[in-house]
Structure formats: C-alpha cells, structure tokens
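# A structural walkthrough
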Amino acid sequence: MIKTYPLLLILLLVKFYAFGQCAGQDTTITICDYSNINNQNFNLLNALNGNPTSGGSWTDNNNLNVFTNSAHDEINIWQINQSGTYSYTYQVNSSSCSNNSATLTLIIGGYAGEDNYNANACEDDIGVNLFQFISSNPNPHLNGYWVDVSNTGALTNNTYNASVQGPGTYTFTYNVSSQNICATHTITVELTVHPLPTPKGSIEYEVCGLDEIANHSTIDLNTYIPAGSSNGYWSDDSGTNEINGNSDTIIDIQNIFNNFGYGEYSFSHTAIPNHPICEFQIFTVIIKIRRKLDFSNATLEIESLCENAIASFPIEAQIIGLPSLNNLPSNTFVITYDINGPINIYAESTQIVLNSPTNFKLPNTFTPTPGVYHIEITEIEILNDPDELICEIIYDLDTTFEIYPVFEDDIIIDIADICIGEDLLIDFDIANSTLNEDLIIDYNISGANTLSANDVTLNFSNGTSALQIPGNLLPNSGTNQLEITKITTVDGCVTNPTNLNFDFEVFENPNPSLTVAIENICLGDDAIAALGNLTGINQLEIEYSLTGTNSVNNETEIISVSNANAQLVILESLLTNAGATTIIVHELTNAETGCSNTTNINFTFEVYPLPNPPDAPPLQEFCEVDAATVSELIPNQSSIFWYASENSQNSLADDTPLSNGTYWVAQVDANGCYSNKNPVSVLINQIPTATLLPAGDEFCGADEPSLLDLSNNITQFNQYQIHWYDQNGNPLSEDTLLSETEVYYAYTYDSVTDCEAADGLAVSVSLTVCDEDYDFFIPDAFSPNKDGVNDVFRIPDIEYIYPDYTYEIYNRYGKLLYEGDINRPYWNGEAESELVLSDGVVPNGVYFYIVNFNKNNISPKQGRLYLNR
C-alpha cells in the first residue's frame, strides 16, 4: 500500500507489515530527494497508516535526537548527516486498544552535495577541506567517499594538500552509496590552485669597513630578488628616506652611513598575488653596515724566565701598540691564544681592556717545563656587541719566550768508592736531558777528608759531565760526604739544592805481609792453603802461580775471609804431577772494595803419588738366599775399601747388603793416599719361588702319595729341583708320604748356580679327593694280643673316601661297646660302656659293626667281626 503526502515532491514508497487500532499501522517510507526543502521537517504521525490516535509518545530507536518540537512527533531530516535506515516507535496507552504500538521506518537516500566547478585554493594551503565547496544547506552526508580523479596523490579523505602538485586545476568527486531504491549520489569539484606571489623571506648584506662603504653608493634592491618575481613595490623600514615612491628601487649605503652611522637598515619588497585566495608576500633586505678594527701595529711580548721562578709569580704577557678608538660598544675584548712548546698545545681565553700597553697573565694551570714556547693570539672578540657592529678585527700577535732549566732533583750523581791514593771520579747525569753547555757547581767534602767552598765549571755534553778530584786531596780512609751547595746555569739561573748529599768511602789497601801454610797431599786431591794476617778484609781476590813439578801462571781466586784467616783451595786439576810444588802469591785484592797490593810470598808442599789399584775378580757371584754383604767381596783386607760408584768418596760398611751391579775397590798406602778404583761386577743369582699348579695340593690318601707326587705339582719342577722341609726346617726325602697334619715347605734349587730360592712355598695337602666308587676293605677279624700284628680293628683308607664316617661295635646282645670316627679310627678290643670283664677287655668271640658313611645318602653297612686273642 502506498501513501503520499501532498507537500512532498518525491515518490514515497510505503510498505505495510501489520494492522493496528489506536497506534496505527507499521509503515516504511523511503526519501531519495534528501535536499528538497519540503522534506526537511517531517511529521511522523501523519506518515503512519491506519489512522493513529494522537496523544501518544514517540521513541527514537536510533537516538538521532532530531525532534523539532516538544511533542516529539516531527523531525528535521536535514540533521541526519548520514544516509541509511532509521526507525521510530509510536505508543498509545489505552485499555481500549487491541494494538497500541506501531513502528515507522525511514530509508534516507544518499546526498553528496552540489557540483562546484569554481573552487579555489592557494598553493601553500596544505589542508584544503573539499566539503567547503559542495553546499551547506543541507550539508552533504558524511558516509560517502572522495575520489581523486586527477590522481594528484595529495588527497587524504576530504583534505587536499595543495602544496604537493602546486598551481593547476584538479578534479575530485564525492560519492554517497545507494540506499534501497535510491541511487548512488555523486557530485564533482574542480579545484584551481593559484600560485603564491614571490619572493618571500629575507636576506642579509654586510658592508664591513670604510673601504667597502665607499664602494656602495648606488645599490639596486631588485638585484637581491630572483628574476621572474611577482609584481610588487619596495618600502623603507628604517626611515632612511632612501625609497621615494612605489617605483623607487635604488639606495645609497654611503649616504646612509654618513647620516646614521654603523647599524642595520632594512628594506621590504611586497609581492602582490594574482588571486585574492593567496596572501601578499614580504621579502626583506637587511643592510648591515659594520665597523672594522685594525690592531695590526700592535705587538705581543713575554719575558723569558728561570724554571724555579715560575712558582713565585704568574707569567705575564703584554700587548703594546693598540690603537685608541672611540664609540665602541665595549672597551673590553676577549682574546683566545694557543701556546706551543715542549708540552702539548695549551689553549686559553681571557679578557683585556683596550689600552696600550695592556697586560694579561697566563693562568696558574699553565705549568711549562724548560724549553722554547710560541704563543699566538688566535682570536680577538669584543666582549659586548649587541648590535653586532664590529665585523672584523685585524691583528697579528705572536711571540716566543723561553723557560730556562734549573737543575736539582733531576741531577743524578754517581760516585765510586776509591782506594787510598786513587783519584775520586764524580759522574753527573741530568735525567732526560741533552744539555750542551756549562754549569758552575759549588761543593763541599766532609768526613774522613775535608774540602770546603770549592766551585768548578763543568762542561756538559748531551746531559752528562764528570768531576775528578786528585787522590792526594783525600789521604785518609773512611766515610766521606759530598754536598752540592749551588748550581748556576749560563742563563744565570741559580738553585741551592738541599738533597744532593752523597756518601763515598776511601778504603785501605790489603796488607802484603800475609802468611801461607799448605799440608802435603795425594795426587788427585785439592791442596788447601791456609792464609793469615788478612786484616780488614771479608772477601779476598788472590793472584798466584805454581812452580816445581806442577806449573801454573797467574791463577786468580776469590775466597772468604773470617777473622783475618782464609783458605785457598788449589784444585787437583792444577796438581797433575807428583813431587814438590811451590805456590808464589803475586797480588792481594779486597774483593769488596777493589783495593789491591802486590807481594811475593811463597810456600813449598809435596804431592804424593797414588798406589796401584788392588787386583780383584771382575765377576763375583752370590746366591740371593745367602744375603751376601760387602765383607764377602774379594779382596777384603784392612787396606781395602769398597765403593758404590767410581766417584764416591765414602766407602761401604762391611755389613752393607750386596745387590746386582758394579762395585769399585781401592786401597790406601802408608801416606794415606788412595789408589784409583777398579770395577767389580756383582751378580746375585735369584731363584724363583715355587708356585703350585691349580689343585696341586689335592690327593687321595688311598693312593699313598709322597713328596715326589707333590713336587710334580710344582710349576717350576721341570726347570729346577725341589727341596722339601718340615716346619722345623728339617729336609725331607721325596718318598716321604703326605699327611694332612703336616705343613711342607718347597724351595726351588738351581744346580748350575748351586743356589736355592730365598723364599719357600708353604703347602698343606688334602688327602680326601677320591672317587666315590673307590674300593676299600673292612677286616672281619683281629687279634688284640699286643704282638704287634693285627692288634687293632681299623678300616684302611676309609678316612680319605668318607672323611665324616663313624662306626659302632656291638656284642651279640646288642650292647654298644665302642664308637669310632676319623679321629678314633682304632678299636683295641676294650669296651667303653658297661664292662664285660673287670679290666674292660672283651672276651674272644663274634662281634658286630655298623659303618655310617655320612656322604651322599649312602646307606650304613654292617657286618661281623671275630675277636681272638
């Protein structure tokens, strides 16, 4: 069902979904002609079908809040800023209504605004809002989208950046999508971007000094703006009256200076735009007329000074010849200077007042070392120049000065101790210095010798020099002190050192009247010379010669002296011949002081020849078991001595055990001289200890094994003989039958060396290793009459086969007479229970035995036994 309103000029499509009573019927209305003014204010109640009753209430289901009256039954559609579907619900509260609620649905078609082909913007506008060009009554819907038809790449949503593409005409469309039967609405904007007038900004032009000012009498301001600039005109911003009218472009800087002096003067060019959308542009030329100061006739001076004078006052520099100038912004200037010299480059700034002369002090942090320095003022700036009137200061200020070295802590003095009669040499060395000039040295000597108020001029070469004091000025021995009291340089710098004090010694020379004594020696021994009368010496260097059967020239040794006595060892390598030898002492030197004296003391001693070495068998053999000692070596008289090595000085004691190896033998003669040593080889024959084969101690006693059988079970049996001994060390023969109660000791024996092993093998045998089917005999009669034949009843060999066996003897009445086992194997015919006879001897007759084997569950065996005395 379609419902129309006479005030509407567009088609309204109405669709009904239900019938109501008081509230009317649900209705849908589509409005495509959004911008029609007749559609602006829309009556909701009139739009409902079904004759709704007035007086009800409306609910805005989308919370648009566009009601136009207090009754809330009319809305302003132009205030809905997006196309789409919206709904309102009408409610009538009446008990007589069968249906008191109805919904009105509005479908709003899209509205994009109006076409605009005359939009304008200036090229410096980076945020051109395109909505401003497409109507505002009503406003276009906001849920559309913009299209950059000209592909400028400068459009972001609805904002265009005109500075991207610059001047030109560009096309854009705005589109709001279709709603229901309402088509997509599209409008077009053609935007013309206009250029800015040029130029804009400012430029500074400096004219420095009177010469440049004189060369700038006629200046065309148009030369400072680029060609092709927009139309415009110049203005005088500083009131110089140099611009007369809009067409005037010429100024006279010399005239400005003559009338107004130094300063800044500005002139502005106003560029006129070609469209009112763009603003006027201002370009300013700033003329800076500045002053040049000329200090080129000034000089810089610093006096040189001694190194030790720096600490007492600062180093002061002086600038002479500065001009007298007026009308300066400030008479105070900041100077920056560099100092180059032995230390690293030093840079500093300070302030000076423009006077002549003017002084400034180098800071205390500048602590120069000796050398030549160059100071240069690298920059001069006026302290206060708010209008920047000073453009240049002309100067050339530099000079050199020197710090003269002084010498005290850096002088190294070396004094060598001397002997009486020697000159004293004092070496001077200035650390890290290449000094090549004279120094005047004042010195004193005190102590054992005295020299006062002496001065000497020393020529230093490459930092070193020497002072020599004649020995006749130092006649006394003892400790002396050298004191350097003053040092004066060729530059007149003086130091009075307090720490250049040095001790030195003047030593006595050794006493040449020493004593010498040497005992006679054997050839090959060192000779010991006992020296005496060596007073005042701890270490002696002695030079001597040997004559006679041994000859050596000018041999030198250093020896220790204690209590004026010493021992000189004359090495046996110098005494290679037997006979009389004389030592002659030539010179004695105190090794600690170097002081020496000559002498001609001599002493003769004898070098005895050595006896011949003794004859001895070169190979001597012993058995290990005998534990042979040195006393058993041959020969072994009281004059014979045995040694463990050829070079050993200690002979071996007689009870020293021998071992395999080489021994050395020597003999001593009546002079106590030992012969050279002869070698003797000692061989200790070691026989291996006997070892038993596996199960070698297991036998069957029924076989009556002997020691020979046990020998066959010794591992070494095929190489060596086996000697057997009992526990008391008694030898046993090979046919000795084995017994489990004995311990046997086996020793291997080598018949070639006649040596027996040092250690024996203890063997205890087992005689119970027998086969179970071994046959044995149980006697059936015996005669205990003590005739030595068959006097007891026993079961031969049963103890080897059944070691746990027992047996019982019964009489014919079943009376137990005797119980036997391996420890009680014999029954002698006497009863142990109730005696048959008064002495316990049973009568002749038949008796019965039961044998219990107690092995492998073998059943007992019983039988008859006849006893006949």
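This text follows the structure it describes.
In this text, all values refer to a predicted model and were calculated from it rather than measured experimentally. (Residues numbered from 1 in each chain as written. Predicted model: local features only at pLDDT ≥ 70, side-chain atom pairs only at ≥ 80, totals over all residues. Heavy atoms only, no water.)

### A look at the sheet that holds strand β57 (residues 781-782)
- The strand order across the open sheet formed by five strands is β57-β61-β60-β58-β59, and the pairing between neighbours is mixed. Unpaired on one side and paired on the other, β57 and β59 (816-821) mark the two borders of the sheet.
- Two strands pair when backbone bridges link them, and strand β58 (residues 806-810) and β59 are joined in this way by five bridges, in the antiparallel orientation. Note that in β59 the partner of Glu808 across the bridge is Glu819. (Pairing = 2+ DSSP bridges. Helix = DSSP H or I, 4+ residues; strand = E, 2+ residues; numbered from the N terminus.)

### Let's talk about the pairing of strand β2 (residues 27-31)
- Counting buried positions along β2 gives five out of five residues, so the element sits mostly inside the fold.
- Residues of β2 alternate between two faces, with Thr27, Ile29 and Ile31 on one and Thr28 and Thr30 on the opposite face, all of them buried.
- Looking at chain direction, β2 and strand β7 (residues 101-108) are connected through five bridges and run parallel. Bridge pairing in β7 links Ile31 to Ile108. (Buried < 20%, exposed > 50% of the residue type's maximum accessible area, 1.4 Å probe, protein only.)

### Notes on the state of the cysteines
- By the definition in use, this model includes eight disulfides.
- With a sulfur-sulfur separation of 1.8 Å, Cys306 is cross-linked through a disulfide to Cys493. Taking the sign of the S-S torsion, -85° for the link of Cys306 and Cys493, the bridge is left-handed. Here Cys306, found in strand β22 (residues 305-306), pairs with Cys493, found in the loop between β36 (478-489) and β37 (494-495); they are 187 residues apart in sequence, far enough to count as distant.
- Looking at Cys306, the relative accessible area reads 16%, which means it is buried.
- Here Cys493 falls in the buried class, since its relative accessible area comes to 1%.
- Here Cys623 is linked by a disulfide to Cys755, with a sulfur-sulfur distance of 1.7 Å. Measuring the twist about the S-S bond at about -80°, one finds the Cys623-Cys755 disulfide to be left-handed. (Disulfide = S-S within 2.5 Å.)

### Observations regarding the layout of surface pockets
- Of the volumes computed, that of the largest pocket is approximately 500 Å³.
- Lining the largest pocket are 18 residues; nearest its centre among them are Asp525, Gln649, Tyr674, Ser675 and Lys677. (1 Å grid on protein atoms, 1.4 Å probe; cavity = no way out; pocket = protein on both sides within 12 Å on 5 of 7 lines; lining within 4 Å. Points joined across faces, edges and corners; volume = space filled by probe spheres on them.)

### Concerning the sheet that holds strand β26 (residues 358-361)
- In space, the three strands of this open sheet follow the order β21-β23-β26, with antiparallel pairing throughout. What marks the edges here is a single partner per strand, and that holds for β21 (299-302) and β26. Strand-to-strand twist across the sheet, computed as the mean angle between neighbouring axes with direction ignored, equals 25°.
- Bridge analysis of β21 against strand β23 (residues 316-320) gives four bridges, and the strand direction is antiparallel. By the bridge assignment for β23, Glu301 is matched with Gln318. (Axes fitted to C-alpha atoms, helices over the stretch in contact; angles between N-to-C directions.)

### Brief notes about helix α4 (residues 253-260)
- Those residues of α4 that fall on the buried side of the exposure criterion are Ile253, Ile256 and Phe257. For α4, the angular spread of buried residues about the axis comes to 100°, placing them on one side.
- The backbone nitrogen of Gln254 lies 3.1 Å from a side-chain oxygen of the residue at the head of α4, namely Asp252.
- Two residues or fewer past α4, Gly261 is found with a positive phi of approximately 80°. (Arc of directions from axis to C-beta. Polar contact = N/O pair within 3.5 Å; in protein donor to acceptor, adjacent residues only side chain to side chain.)

### Points about unusual backbone geometry
- Looking along the chain, the bond that leaves Asn137 and enters Pro138 is cis, with omega of 0°.
- Relative to the elements of secondary structure, Pro138 occurs in the loop between β9 (128-129) and β10 (145-148).
- In this structure, Asn151 is a non-glycine residue whose phi angle is positive, near 50°.
- As for its position among the elements, Asn151 is in the loop between β10 and β11 (155-156).
- A residue is classified by how much of its surface remains accessible, and Asn151, at 65% relative accessible area, is exposed.
- Even without being glycine, Lys786 reaches a positive phi, approximately 65°.
- Looking at the secondary structure, you find Lys786 in the loop between β57 and α6 (798-801).

### Topic: the pattern of salt bridges
- For the structure on display, the rule yields seven salt bridges.
- With a closest N to O distance of 2.8 Å, Glu204 and Lys288 form a salt bridge. With Glu204 in strand β15 (residues 201-208) and Lys288 in strand β20 (residues 281-294), this pair connects stretches of sequence that are 84 residues apart.
- Of the charged contacts, one joins Arg824 and Glu832 as a salt bridge, the two residues approaching to 2.8 Å between their closest N and O atoms.
- A cluster of three or more residues bridged by salt bridges with shared partners is formed by Glu204, Glu206, Glu264, Lys288, Arg290 and Glu388. (Salt bridge = Lys/Arg side-chain N within 4 Å of Asp/Glu carboxyl O.)

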